[in-house]
Amino acid sequence: MKFSVVITTYNRLDLLKRAIDSACNQTIECEVVVADDCSSDDTQAYIQSLGDKIVYHRNEVNQGHAATVNAGVAKASGDWIKFLDDDDYLAANCIEEITKAIALRPDAVICSCVAAQVDANEVELSRTPEVGPGLAFYIPQADIHYGMLLELVPFGTPVQVACQRDAFLKTSGWDSTLDANCDDIDSWIKIAQFGDAIFLNQCLAYRTIWPGAYNQKFSLPRRLATNILMKEKIYALVNEEHRLKIPRFQDIKNYLKLHWSIVALKQKNIQSFLSMIDLSALSPQSWKFLLSATLSRRTQGKNSQVRKLVLIES
């Protein structure tokens, strides 16, 4: 099994160097691909100075994050793709641990791990929650979208996720109409149609929390609208055996309005709060869903409603 780490970048050479180092210094060998969205800094010269160490692609014009991910995967030759944005980085044993887990579950097409969230000085701020039992477990394909809908199965951001290249290509890649606003989540939803999922309860990745992150440019109402769109896509893919157990979609939509309205209040963004909140979002069912989602994020599958969490490594 061969892994390709696909790093997307645009005018962030100082951060990119760290991402490249983390990919090149893995405990097992992997291909490193840098997909450059036509940077105007010294990125091209630096990559070329590394010689054959890096597979390099440069867009002729700026095309955006999603298109650059697709271009990087097209250049990759690995059986599996590990995604990495230029402002994030990997633990040295990331690819090794993912490879071990995949070897125990050959029907898997997507894998996620715990990530530490760090500031610009690499000081750890928090970690994403563990999910389910043990150090590694899988969820059968029939249960994945049901788990995603109820927020029991969160794949996370690109730094946490790897996927089978063939499954990625079957989906036609990332959607440029979303471009950094859930384009990754949209991809995980589609990839999960083709096989099982693996979760590693090990911290193998580092995500930088800083004002320059791509998703910071989107307003809260726009993020709400995209969140609703993602839930609609997941809802349509829930396996038939789970259909009688899922809420009405309107209840899910109302819950999302409530969730993002609370986010706006926490940020003291009154204008966004007023544009998103309505009476339907204050329904008892919305509050019930919010409390359930909050609880599930804290316990993350330890008492999961997903039919089967199968331990693959203790």
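Residues numbered from 1 in each chain as written. Predicted model: local features only at pLDDT ≥ 70, side-chain atom pairs only at ≥ 80, totals over all residues. Heavy atoms only, no water.

A. Quick peek at the overall build of the protein. A tally of helices and strands in the protein yields eleven helices and eleven strands. Here the protein has a C-alpha radius of gyration of 19 Å; the compact-globule value for 314 residues is 20 Å, and the two agree. Across its three principal axes, the protein shows a C-alpha extent of roughly 60 × 45 × 35 Å. When each of the 314 residues of the protein is scored for burial, the buried share is 56%. For the protein, contacts bridging at least 24 residues in sequence account for 80% of all contacts bridging at least 6. Carbon together with sulfur atoms contributes 51% to the accessible area of the protein, which is approximately 13800 Å² in total. (Helix = DSSP H or I, 4+ residues; strand = E, 2+ residues; numbered from the N terminus. Rg over C-alpha atoms; globule rule 2.2 N^0.38 Å. Buried < 20%, exposed > 50% of the residue type's maximum accessible area, 1.4 Å probe, protein only. Contact = heavy atoms within 4.5 Å. Areas by Shrake-Rupley, 256 points an atom, 1.4 Å probe, with all protein chains shown as cover.)

B. Local environment of the confidence of the model for the protein. Looking at the protein as a whole, the pLDDT averages 90, with 92% of positions reaching at least 70. When the criterion is pLDDT under 50, residues 300-309 qualifies, and its contacts beyond four places in sequence or with other chains add up to 36 contacts. (pLDDT = per-residue confidence, 0-100.)

C. Expanded view of the side chain of N227. Tracing the backbone through its elements, the reader meets N227 in helix α8 (residues 220-237). Not counting residues within four places of it along the chain, the set of residues in contact with N227 comprises L256 and W260.

D. Expanded view of unusual backbone geometry. The phi dihedral of N11 is positive, around 55°, even though this residue is not glycine. As for its placement among the helices and strands, N11 is situated in the loop between β1 (3-9) and α1 (13-24).

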